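# Chains, contacts and geometry: an overview
Residues per chain are reported as follows:
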Amino acid sequence: MDAVQEIIKKLRDGQAPGLVDDLRKVKISVIAGSHAGTEVWLAHGDIRLGSAPDNDIILFADDLQPHHCTIQVGGNIFGKIRIEAGDGAVMVNQSKIVEPGEFIQVPAGSTIRLANAQVRVGMSIEWNDYKLPAVKAVVVAALIAMLYVGSNLTGSVMTSAGGFGDRLVSSAEKVVTGISAPASNGSAGKSSHEKAANLNGVRAKLQELGLSASVRVASLADDSMRVFGSISPRHSAAWNRFQRWYDDQPGLPKLVRDVVRTASNPKLPKLQSVWLTGTPMAHFAGGGSASVGDELPGSWKVIEITAEAVTIERDNSPVRLKF
């Protein structure tokens, strides 16, 4: 019996009170290392892992740090999980390395490797496992919402006026046990205006954090966004702030992170001199020159030339080049 059917069974049996708290619990399973096979259920919140005795989960492994990482699970039942590396780096889902001080948001069911140990983060319902269309999730969400009402009544959810709760649960049973309706294509996604507004908002944030010279963002065909470029140690903190900001914006689409770390700052065109007589002209190291409106390597465009600086722009984010 899967988790959704288990919810329905508990509702039928009048076990609504306390069920929401059960659904918020987090299951940590050690799947590799000296503690492999160990499983523990914990309340949502911050769960600390490492070798120090003050962690919520204490592990022992070569190169494991005292406070290696923290698993942050929100108070909802939809599996919003954030992995934040502490003293040591972690590898998430066998592919993404999260360095100390960085974080990543992952779905329930993800794996985390800490040195020689590996754990799996699960929840009562792991929504990514369900392939039926949104109707299944909507029905389950409706049932969960009823728990908040039912838990404050003297009877079970099933005693709600007019038998509404009974009818809703019966409908849910039909959806869960037999319906495999084709996915609807009725949702056309965001309008072009909304996409442009989101894109400009993200670009403005990158500029605010001083990242626009090294990091770019673009919309993808599936309505997600791709951020790409390079980050030097100097901008590492700003990059982490940007990721945290983006993950906290409920209206933004999925973000594909394609940013690499480099040892040096990004290379911008190096200004050598300007010519202001007649048509203003900027001359760059290496022999190149450009006037206003001309494009430079790296998709930069010259938008202003003055005696003090030359302003170039990319993705609506200007950068001033000075002597």
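In this report, we go over the structure that sits alongside the text. Model, not experiment: these values are computed from the prediction.

Our next topic: the overall build of the chain. Counting its regular elements, the chain contains six helices and 21 strands. Within the chain, the proportion of its 323 residues that are buried is 38%. A separation threshold of at least 6 residues defines the contact pool for the chain, and within that pool the share at least 24 residues apart is 48%. Surface summary for the chain: the accessible area is close to 16900 Å², and the carbon and sulfur share equals 52%.

A separate point is the side chain of His68. Mapped onto the secondary structure, His68 falls in the loop between strand S4 (57–58) and strand S5 (69–73). On the basis of relative accessible area, His68 is assigned to the buried category, the value being 2%. A distance of 2.8 Å separates a polar atom in the side chain of His68 from the backbone oxygen of Ala89.

Moving on, we get to the layout of surface pockets. Roughly 470 Å³ of volume is contained in the largest pocket. What lines the largest pocket is a set of 14 residues, and nearest its centre among them are Gln105, Asp247, Pro253, Lys254 and Leu255. Residue assignment for the lining of the largest pocket shows that the elements contributing at least two residues are strand S9 (103–106), helix H6 (236–247) and strand S14 (255–261). In terms of residue count, S14 provides more of the lining of the largest pocket than any other element does, three residues in total. Residue composition of the lining of the largest pocket, by class: seven nonpolar, two polar and five charged.

Attention now moves to unusual backbone geometry. Even without a glycine there, the phi angle at Asn93 is positive, about 55°. Tracing the sequence through the fold places Asn93 in the loop between strand S7 (90–92) and strand S8 (96–98). In this structure Asn93 comes out as partly exposed when scored by relative accessible area, which is 35%.

On to the packing of helix H5 (residues 192–208) against H6, then. At a minimum axis separation of 10 Å, H5 and H6 run at an interaxial angle of 150°. Here H6 runs roughly antiparallel to H5, going by the angle between their axes. Crossing handedness for the pair H5 and H6: right-handed. In this structure, H5 contributes Gly201, Val202, Lys205 and Leu206 to the contact, and H6 contributes Phe242, Trp245 and Tyr246. Grouping the amino acids of the contact of H5 with H6 by side-chain chemistry returns five nonpolar, one polar and one charged.

Rules used throughout
Residues numbered from 1 in each chain as written. Predicted model: local features only at pLDDT ≥ 70, side-chain atom pairs only at ≥ 80, totals over all residues. Heavy atoms only, no water. Helix = DSSP H or I, 4+ residues; strand = E, 2+ residues; numbered from the N terminus. Buried < 20%, exposed > 50% of the residue type's maximum accessible area, 1.4 Å probe, protein only. Contact = heavy atoms within 4.5 Å. Areas by Shrake-Rupley, 256 points an atom, 1.4 Å probe, with all protein chains shown as cover. Polar contact = N/O pair within 3.5 Å; in protein donor to acceptor, adjacent residues only side chain to side chain. 1 Å grid on protein atoms, 1.4 Å probe; cavity = no way out; pocket = protein on both sides within 12 Å on 5 of 7 lines; lining within 4 Å. Points joined across faces, edges and corners; volume = space filled by probe spheres on them. Nonpolar A, V, L, I, M, F, W, Y, C, P; charged D, E, K, R; others polar. Axes fitted to C-alpha atoms, helices over the stretch in contact; angles between N-to-C directions. Parallel < 35°, antiparallel > 145°, perpendicular 65-115°, else oblique. Left-handed = near helix turned anticlockwise from the far one by under 90°.

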